[in-house]
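Per-entry structural report
Below, each chain spelled out in residue letters.
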Amino acid sequence: QVKWKGKDLFDLVCRTLGLRETWFFGLQYTIKDTVAWLKMDKKVLDHDVPTEEPVTFHFLAKFYPENAEEELVQEITQHLFFLQVKKQILDEKIYCPPEASVLLASYAVQAKYGDYDPNVHKRGFLAQEELLPKRVINLYQMTPEMWEERITAWYAEHRGRARDEAEMEYLKIAQDLEMYGVNYFAIRNKKGTELLLGVDALGLHIYDPDNRLTPKISFPWNEIRNISYSDKEFTIKPLDKKIDVFKFNSSKLRVNKLILQLCIGNHDLFMRRRKADSLEVQQMKAQAREEKARKQMERQRLAREKQMREEAERTRDELERRLMQLKEEATMANEALMRSEETADLLAEKAQITEEEAKLLAQKAAEAEQEMQRIKATAIRTEEEKRLMEQKVLEAEMLALKMAEESERRAKEADQLKQDLQEARESERRAKQKLLEITKSSYTQSMNSSTTALPTDLPTFNLISESLSFDFKDTDMKRLSMEIEKEKVEYMEKSKHLQEQLNELKTEIEALKLKERETALDILHNENSSRGNSKHNTIKKVS
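What counts, and where the lines are drawn
Residues numbered from 1 in each chain as written. Predicted model: local features only at pLDDT ≥ 70, side-chain atom pairs only at ≥ 80, totals over all residues. Heavy atoms only, no water. UniProt positions renumbered as here; feature names shortened; annotations may be inferred. Helix = DSSP H or I, 4+ residues; strand = E, 2+ residues; numbered from the N terminus. Buried < 20%, exposed > 50% of the residue type's maximum accessible area, 1.4 Å probe, protein only. Contact = heavy atoms within 4.5 Å. Areas by Shrake-Rupley, 256 points an atom, 1.4 Å probe, with all protein chains shown as cover. Pairing = 2+ DSSP bridges. Axes fitted to C-alpha atoms, helices over the stretch in contact; angles between N-to-C directions. 1 Å grid on protein atoms, 1.4 Å probe; cavity = no way out; pocket = protein on both sides within 12 Å on 5 of 7 lines; lining within 4 Å. Points joined across faces, edges and corners; volume = space filled by probe spheres on them. Patch = residues over 30% accessible without salt bridge, like charges linked within 9 Å, V, L, I, M, F, W, Y side chains within 5 Å. Salt bridge = Lys/Arg side-chain N within 4 Å of Asp/Glu carboxyl O. Lys, Arg positive; Asp, Glu negative; His and termini not counted. Charge placed at Lys NZ, Arg CZ, Asp CG, Glu CD. Core = buried A, V, L, I, M, F, W, Y, C linked by side-chain atoms within 4.5 Å. Domains from an automatic or database assignment. Expected span 1.5 Å × (residues − 1). Phe/Tyr/Trp six-rings, centres within 6.5 Å; stacked < 30°, edge-to-face > 60°. Lys NZ or Arg CZ within 6 Å of the ring centre and 35° of its normal. Polar contact = N/O pair within 3.5 Å; in protein donor to acceptor, adjacent residues only side chain to side chain. pLDDT = per-residue confidence, 0-100.

Per an unreviewed UniProt entry, the recorded name for the chain is MERL protein, and the organism is Oreotrochilus melanogaster. In UniProt, the chain has this text filed under Subcellular location (unreviewed entry): "Cell membrane".

**Looking at the overall build of the chain**
A count of helices and strands for the chain gives 13 helices and ten strands. Out of the 543 residues in the chain, the part that is buried amounts to 36%. Counted over contacts in the chain with a minimum sequence separation of 6, partners at least 24 positions apart contribute 68%. Accessible surface, the chain: about 34,000 Å² in total, of which carbon and sulfur atoms supply 52%.

**Remarks on unusual backbone geometry**
Of all residues except glycine, most have a negative phi; of all peptide bonds, most are trans. The phi dihedral of Glu92 is positive, around 65°, even though this residue is not glycine. Tracing the backbone through its elements, the reader meets Glu92 in the loop between α3 (75–90) and α4 (98–113).

**So, the sheet that holds strand β3 (residues 58–61)**
What holds strands together in a sheet is hydrogen bonding between their backbones, with the strands either parallel or antiparallel. As summarised here, the arrangement of the three strands in space is β2-β1-β3, forming an open sheet in which the pairing is antiparallel. In this open sheet, the two strands that pair with only one neighbour each are β2 (34–37) and β3. Ignoring which end each strand starts from, the neighbouring axes of this sheet average 45° apart. As paired elements, strand β1 (residues 25–31) and β2 share four bridges and run antiparallel to each other. In the sheet register, Thr30 faces β2, and the bridge partner there is Val35.

**Topic: the layout of surface pockets**
What the second largest pocket holds in volume is close to 860 Å³. Gln28, Val35, Gln88, Lys93 and Asn183 are the residues nearest the centre of the second largest pocket, which is lined by 27 residues in total. Contributions of two or more residues to the lining of the second largest pocket are made by β2, β3, α3, β4 (183–189) and α8 (253–273). With four residues, α3 is the largest single contributor of residues to the lining of the second largest pocket.

**A word on a positive patch on the surface**
On the surface, Lys190, Lys191, Arg225, Lys237, Lys241 and Lys247 cluster together into a patch of positive charge. Inspection of the secondary structure assignment puts Lys237 in strand β9 (residues 233–238). On the basis of relative accessibility, which here comes to 30%, the residue Lys237 falls in the partly exposed class.

**Some thoughts on the nonpolar core**
Soluble globular proteins tend to pack their nonpolar side chains together in the buried interior. Within the largest apolar cluster, 90 residues are counted, with the highest numbers of intra-cluster contacts made by Val85, Ile89, Leu197 and Leu204. Broken down by element, this core gets its largest block of residues, nine residues, from α4. There are two domains that each give this core at least three residues, and those are domain 1 (6–175) and domain 2 (183–265). Non-local contacts of Leu204, meaning those with residues more than four positions away in its chain, are made with Leu197, Gly198, Val199, Ile217, Ser218, Phe219, Trp221, Ile224, Ile227, Ile236 and Cys263.

**Details of helix α12 (residues 520–531)**
For α12, with twelve residues, the first-to-last C-alpha span of 17 Å sits near the 16 Å given by 1.5 Å per residue. Buried residues belonging to α12 abut α4 and α5 (134–139).

**Brief notes about the pattern of salt bridges**
Across all of its chains, the model carries 26 salt bridges by this definition. One salt bridge in this structure joins Glu69 and Lys172, with 3.6 Å as the shortest N-O distance. Of this pair, Glu69 sits in helix α2 (residues 68–71) while Lys172 sits in helix α7 (residues 163–174), and the two are 103 residues apart along the sequence. Where salt bridges share partners, they join Glu66, Glu71, Arg273 and Arg274 into one cluster.

**Considerations on the packing of aromatic side chains**
Applying the stated criterion across every chain yields a total of 18 aromatic pairs. Ring centres 6.2 Å apart and planes at 50° place the aromatic pair Trp23 and Phe24 in the tilted group. With relative accessibility at 21%, the residue Trp23 sits in the partly exposed group. Relative to Phe234, the ring of Tyr229 has its centre 6.1 Å away and its plane inclined at 15°; by these criteria the two rings are stacked. Taken together, the ring pairs in this structure connect Phe10, Trp23, Phe24, Phe25, Phe59, Tyr64, Phe81 and Tyr180 into an aromatic cluster. Sitting over the face of the ring of Trp23, Arg272 holds its NZ or CZ atom 4.1 Å from the ring centroid. Cation over ring: Arg274 sits above Phe270, and NZ or CZ is 3.6 Å from the ring centre.

**Observations concerning the side chain of His205**
Turning to its location among the elements, His205 is positioned in strand β6 (residues 203–207). Looking at His205, its side chain comes within polar contact range of the side chain of Asp200, at 2.9 Å. Ignoring anything within four residues of it in the chain, the contact list for His205 reads Leu196, Leu197, Gly198, Asp200, Pro215, Ile217, Ser218 and Ile539.

**Observations regarding the side chain of Asp200**
Here Asp200 is to be found in the loop between β5 (194–199) and β6. Given the relative accessible area of 5%, Asp200 is considered buried. Side-chain polar atoms of Asp200 contact the backbone nitrogen of Gly203, separated by 3.1 Å. Not counting residues up to four positions away in its chain, the partners in contact with Asp200 are Gly181, Val182, His205, Trp221 and Asn266.

**Thoughts on the pairing of β9**
Within a regular strand, side chains alternate between the sheet's two faces. Relative to β9, strand β8 (residues 224–230) is paired through six bridges, and the arrangement is antiparallel. Residue Ile224 lies in a different strand from β9, and its bridge partner there is Pro238. Hairpin geometry of β8 and β9 is characterised by an intervening segment of two residues between the two adjacent antiparallel strands and by a positive phi of about 55° at Asp231. With four bridges joining them, β9 and strand β10 (residues 246–250) adopt antiparallel strand pairing. By the bridge assignment, Phe234 is partnered in β10 with Phe248.

**Some points on the confidence of the model for the chain**
Mean pLDDT over the chain works out to 83, with 88% of the residues at or above the 70 mark. Confidence over residues 449–474 falls short of pLDDT 50; this stretch has 32 contacts with residues more than four positions distant or in other chains.

Written as structure tokens, this is what we have:
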């Protein structure tokens, strides 16, 4: 509305998001290439906002926590910081070394896709995702598939982490990056030397324009007595009066106002962190602990249900496999039975044919005998006729003998076929008996599977609980404290393991690096790493 002040618009946005940790955020706009923040006590339209409509404001984090895990209470607050820091890293507003970029990308994938499943997350599933800064991609002779393989290898290790946990792990790593949470401003000292002023949660830092990673001088908030500006001149008075006052000039009055705003807000939060939490923050933290415990119990319950479901499905699959096996055995037995019946019928038919042939041969033998007797009776007395008759008789006798032998052989063959027929019928009887047994067995198994495959009282994946209530007693809170302490020990061990993994990845991809594409920040970061310098110990040295 026309009469609204900055606070009215800001509060409306916060209510819409369900955000209570409002002190970190603000509404940003750009005027004449300079960033500015909406003042809470001033009317929105009284600000020097752009004249074109609609007027655009960006809801962003204005101040950053020193320790994200301790200070960011609400899940929505963590999520907003995660989105903003991730974008700053991808846009290269925050320098991130290559190996840390891969690790951060794996946590971003866990936050978006949940647990890794090789059946779902197949090769190429990250092809359309923007996960690494372009500087990192250009620095190595590596294909997108090679990057995806390394990100996925770490992604698979994050199994079991919920979205909020993965995002918090992302922030815990990102907050140790040198440029995290620093607002840079171009300034000149009294001698006219160009410098950079950095304002962050820890204090004020002076940098060389070519080195935004390592400050030359630092003024922690607890060592600053006063900050003021007059026109374009800015003055920092240290608490120790023996130390010289530091003065510098900025390019615009508007920039000085912005620097002072950031100094006041960061200093207030710095002092606030070192005091007891307000009642509102205590309530928020208590609610967050209860919510975290509830979610943990819910996740454990879902994990148990999932395990029971998987066991039931495995049992069902085993029963189905056994049933299929029994069906196959029954089919094979049935086929064997049919073959036995066909063989038996064939043998019976063959035996009948052999028996008929034996009868026919016996009949022919009898006829031959009769013919021989007839020939003997009607034999011609002449010698020639006698000789011929004797030869015919001999031939008839030989034929009769052969027919008798053939008849005997056929008879034996018929007996053998009868015996084979009897054995075939015995095999048929046994096959029928086996089929009957298999049929009974499969019926029993199927009856059992119908009662054991999926028990009626098996928990289901019902994610919407009708009623969930928890009574957190003192013993519960003590137990939760012990668990938190245990988690801290585990975190230290994981951190050591994580550092080893980072070093291993750095060594692995070092051979693929294109040295000529290294930026000034890459070189500075490598120098700091070789000296063992980190963000916090560097600030302590130059304070």
